[in-house]
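Residue strings, one per chain:
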Amino acid sequence: MNKKSLNITLLTLAVVIAISILIAWLCYDPVQDFSASVPGLDNRPKAGTEAVDEVSIGEKFKSYIEHTSSLTGKWTQFRGADFDNISKEKIKLVDKIGPEPKILWKQDLGEGHAAPVVYNGKVYLLDYDEVKKADALRCFSLETGEEIWKRSYKVHVKRNHGMSRTIPAINDKYIVSMGPRCHVMCVNPESGDFLWGLDLVKEYQSEIPFWYTGQCPLIDNNVAIIAPGGKALLIGVDCATGKVLWETPNPDGWKMSHSSIMPMVLDGKKMWVYAAVGGICGVSAEGDDLGQILWKTKDFSPSVIAPSPLIYDDGKVFMTAGYGAGGVLFQVKKAGEAYQVETLQKYKPKDGMASEQQTPLLYKGRMFTILPKDAGAMRNQFVCCDPNDCTKILWTSGKTDRFGLGPYLVADGKFFILKDDGELTIARASTEKFELLDKVKLLDGHDAWGPMVITDGRLLMRDSKHMLCIDLRAN
């Protein structure tokens with residue numbers, strides 16, 4: 001073979017290898033690689049293949065103490081009453097925690113990432129009792145941490161990088177929870193009396209997501225809004241009776257994600273926005289078309305979705321997910337009697353705002369989040385961008401202040417950011433730069449991923465095994 005023929009052969013071989021690599025990259029599912037790195041996940045059941053057990057939802061109850069409180073603070077659902085992760089309380093909070101944190105109490109929990117809601121001095125958390133193998137809705141005193149009552153039901157849940165990971169929704173009459181295996185329960189928040197239960201796998205053929213259910217229910221006008229997937233994309237359930245009032249068709253067979261339903265108002269029309277496994281849609285929340293799909297897009301449909309849709313005031317919706325999915329910004333507009341969806345930006349995590357687990361927040365015209373581990377040089381940094389140009393990062397927390405998959409919120413003009421290992425950072429809630437005020441390690445565990453709550457000047461936070469209450473009120 002002469003030199004020219006050899007060069008042609010080598011060039012052809014190089015092209016074949018390059019094409020093979022490109023095909024492999026296009027077919028690569030980063031979730032598979034991630035799954036293998038999580039302890040105990042290799043033997044996990046595939047989504048939707050677990051047996052449908054006969055579960056007596058709400059069957060057991062235990063009362064511990066009588067309780068009254070003068071506190072009136074409320075954090076009623078995932079991301080708070082306004083779905084924005086911003087505390088509206090006019091309570092002055094500390095800038096620095098100092099060497100002696102005012103820890104009020106600490107409670108042991110089953111392994112997971114579930115977070116609490118708070119209502120008039122009571123803390124409610126859907127826990128998993130590993131000894132009794134039961135979902136347990138637990139009620140604690142915000143002031144002392146004492147357990148007031150517990151409503152539970154036996155259900156087998158294998159450890160799957162945590163067990164519980166949802167947040168209930170509460171008002172003065174009802175509290176609604178959703179367990180790891182899609183069991184919905186409604187009880188009286190004052191007495192703990194059981195009202196009704198709904199098994200979404202049994203009734204709607206819901207497919208339990210990988211790592212179990214992450215969706216947080218919400219309550220609107222005493223109706224629980226839930227996204228089963230399967231037979232119905234969304235449903236509305238009367239909290240008083242447990243009767244299903246309406247169902248959203250699911251013609252595309254979209255499946256339940258870890259994302260939660262968010263409200264949206266466009267041109268005076270109220271709707272629910274949900275990011276399912278399969279696509280994102282807007283569902284009518286009122287009127288003659290209640291429960292009907294108003295618009296949908298399949299332009300962003302990764303196989304794992306944990307963050308929830310971030311709704312702008314002008315009809316824009318930002319959506320992100322981890323494991324290489326990146327982010328998307330799209331515009332919903334009304335065109336006559338119908339709605340149109342236009343994708344404005346779509347990119348990979350190295351090229352703009354993205355998040356693996358937590359939902360970004362909007363504050364003073366800016367968007368904030370923690371970038372995922374696959375975001376290149378800015379990985380795991382707390383960042384700020386113009387929400388109308390999600391590819392342009394305005395500032396970051398820098399290389400020395402990196403975070404993991406932990407939560408963040410705004411209260412009293414400050415960011416409170418929790419690192420995976422239980423270190424709490426306080427930073428000025430500035431749109432101009434990252435201004436560190438203090439950081440202190442408050443928990444000794446790991447996987448501190450559960451969303452935080454601040455109400456009545458008290459911060460509730462957790463790692464995989466414990467919940468902590470710290471007093472942040474300034475002197």
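Residues numbered from 1 in each chain as written. Predicted model: local features only at pLDDT ≥ 70, side-chain atom pairs only at ≥ 80, totals over all residues. Heavy atoms only, no water.

Engineer: For the overall build of the protein, give the residues involved together with the corresponding values.
Structural biologist: Summing up its helical and strand segments, the protein has 3 helices and 34 strands in all. Per-residue burial over the protein gives 57% buried out of 475 residues. Residue pairs in contact within the protein that sit at least 24 positions apart in sequence constitute 57% of those at least 6 positions apart. Of the roughly 20,000 Å² that the protein leaves accessible, carbon and sulfur atoms contribute 51%. (Helix = DSSP H or I, 4+ residues; strand = E, 2+ residues; numbered from the N terminus. Buried < 20%, exposed > 50% of the residue type's maximum accessible area, 1.4 Å probe, protein only. Contact = heavy atoms within 4.5 Å. Areas by Shrake-Rupley, 256 points an atom, 1.4 Å probe, with all protein chains shown as cover.)

Engineer: Can you break down the sheet that holds strand 33 (residues 458–462) residue by residue, with the values?
Structural biologist: Taking strand neighbours across the sheet as the criterion, the 4 strands line up as 3-34-33-32 in an open arrangement whose pairing is antiparallel. Edge strands, defined here as strands with exactly one partner in the open sheet, are strand 3 (103–108) and strand 32 (453–455). Taken pair by pair, the neighbouring strands of this sheet meet at an average axis angle of 15°, ignoring direction. (Pairing = 2+ DSSP bridges. Axes fitted to C-alpha atoms, helices over the stretch in contact; angles between N-to-C directions.)

Engineer: So what's going on with a positive patch on the surface? Which residues, and what values?
Structural biologist: On the surface, a cluster of positive charge is made up of K60, K62, K132, K133 and K154. For K60, the location among the structural elements is in strand 1 (residues 60–63). (Patch = residues over 30% accessible without salt bridge, like charges linked within 9 Å, V, L, I, M, F, W, Y side chains within 5 Å. Salt bridge = Lys/Arg side-chain N within 4 Å of Asp/Glu carboxyl O. Lys, Arg positive; Asp, Glu negative; His and termini not counted. Charge placed at Lys NZ, Arg CZ, Asp CG, Glu CD.)

Engineer: How would you explain the sheet that holds strand 25 (residues 366–370) if you had to name every residue and give the values?
Structural biologist: In space, the 4 strands of this open sheet follow the order 24-25-26-27, with antiparallel pairing throughout. Strands at the two margins of the open sheet, each flanked by one partner only, are strand 24 (361–363) and strand 27 (389–396). Pairs of neighbouring strands in the sheet enclose a mean axial angle of 40°, with direction left out of account. Bridging between strand 24 and strand 25 involves 3 bridges; their strand directions are antiparallel. Looking at the pairing, L362 lines up with M367 of strand 25.

Engineer: How would you summarise the pattern of salt bridges if you had to cite specific residues and measurements?
Structural biologist: This model, assessed by the stated rule, comprises 24 salt bridges. Between E54 and K202 there is a salt bridge, with its nearest N and O atoms 3.4 Å apart. With a gap of 148 residues between them, E54 in the loop between helix 2 (30–37) and strand 1 and K202 in helix 3 (residues 200–204) connect regions that are remote in the sequence. The exposure class assigned to E54 is exposed, which follows from its relative accessible area of 67%. For K202, a relative accessible area of 39% translates into the label partly exposed.

Engineer: Tell me about the pairing of strand 25, and please be specific about residues and values.
Structural biologist: The buried count for strand 25 comes to 4 of 5 residues, which makes it a mostly enclosed element. Taken together, the 4 bridges between strand 25 and strand 26 (residues 382–386) define a ladder with antiparallel strand orientation. Bridge assignment links T369 to a residue of strand 26, and that residue is V383.

Engineer: Can you tell me about unusual backbone geometry, naming the residues and giving the values?
Structural biologist: Look at C182: it is not a glycine, yet its phi comes out positive at around 70°. Secondary-structure assignment places C182 in the loop between strand 9 (175–178) and strand 10 (183–187). Judged by relative accessible area, C182 falls into the buried class, the value being 0%. At D267, a residue that is not glycine, the phi angle is positive and equals roughly 55°. For D267, the location among the structural elements is in the loop between strand 16 (262–266) and strand 17 (269–276).

Engineer: Could you give an account of the nonpolar core, with specific residues and numbers?
Structural biologist: Counting 81 residues, the largest nonpolar core has L200, L234, M264, Y274 and W295 as its most contacted members. In terms of residue count, strand 17 provides more of this core than any other element does, 6 residues in total. Listed in part, the 35 residues of the second largest apolar core include V123, L424, M461 and I470. (Core = buried A, V, L, I, M, F, W, Y, C linked by side-chain atoms within 4.5 Å.)

Engineer: Which residues make up the environment of L294, and what values go with them?
Structural biologist: Mapped onto the fold, L294 is located in strand 19 (residues 293–297). For the pair L294 and G282, spaced 12 residues apart in sequence, the C-alpha separation works out to 5.5 Å. In this view, L294 contacts K269, M271, G282, V283, S284, D289 and Y339; residues no more than four positions away in its chain are not counted.

Engineer: Can you tell me about the packing of aromatic side chains, naming the residues and giving the values?
Structural biologist: To describe a pair of aromatic rings, you give the distance between the ring centres and the angle between the ring planes. Inspection of every chain in the model, using the stated rule, returns 15 aromatic pairs. Ring plane angle 25° and centroid distance 6.4 Å describe the contact between W105 and F140, whose orientation is recorded as stacked. Residue W105 is found in strand 3, and its partner F140 is found in strand 6 (residues 134–141); the two are separated by 35 residues along the sequence. Ring centres of F382 and Y408 lie 5.7 Å apart, and the angle between their planes is 70°; this geometry places the pair in the edge-to-face category. Residue F382 is located in strand 26, and its partner Y408 is located in strand 28 (residues 408–411); the two are separated by 26 residues in the primary sequence. The exposure class assigned to Y408 is buried, which follows from its relative accessible area of 2%. Through successive ring pairs, a cluster of aromatic residues spans Y363, F368, F382, W395, Y408, F415 and F434. The cationic tip of K74 hangs over the ring face of Y119; the distance from NZ or CZ to the ring centre is 5.1 Å. A cation over a ring is seen here: K231 above Y204, with NZ or CZ 5.9 Å from the ring centre. (Phe/Tyr/Trp six-rings, centres within 6.5 Å; stacked < 30°, edge-to-face > 60°. Lys NZ or Arg CZ within 6 Å of the ring centre and 35° of its normal.)

Engineer: Please provide a residue-by-residue account of the state of the cysteines, values included.
Structural biologist: A complete count under the given rule lists 0 disulfides for this structure. You can see C186 has no disulfide; the closest cysteine sulfur is in C239, sitting 4.7 Å from it. Judged by its relative accessible area of 0%, C186 is buried. For C390, which is in no disulfide, the shortest distance to another cysteine sulfur is to C385 and amounts to 4.8 Å. Accessibility expressed as a relative area gives 0% for C390, which makes it buried. (Disulfide = S-S within 2.5 Å.)

Engineer: Give me the confidence of the model for the protein: which residues, what numbers.
Structural biologist: When pLDDT is averaged along the protein, the result is 90; 89% of the residues meet or exceed 70. Per-residue pLDDT stays below 50 along residues 21–49; that stretch engages in 31 contacts with residues further than four places along the chain or on separate chains. (pLDDT = per-residue confidence, 0-100.)

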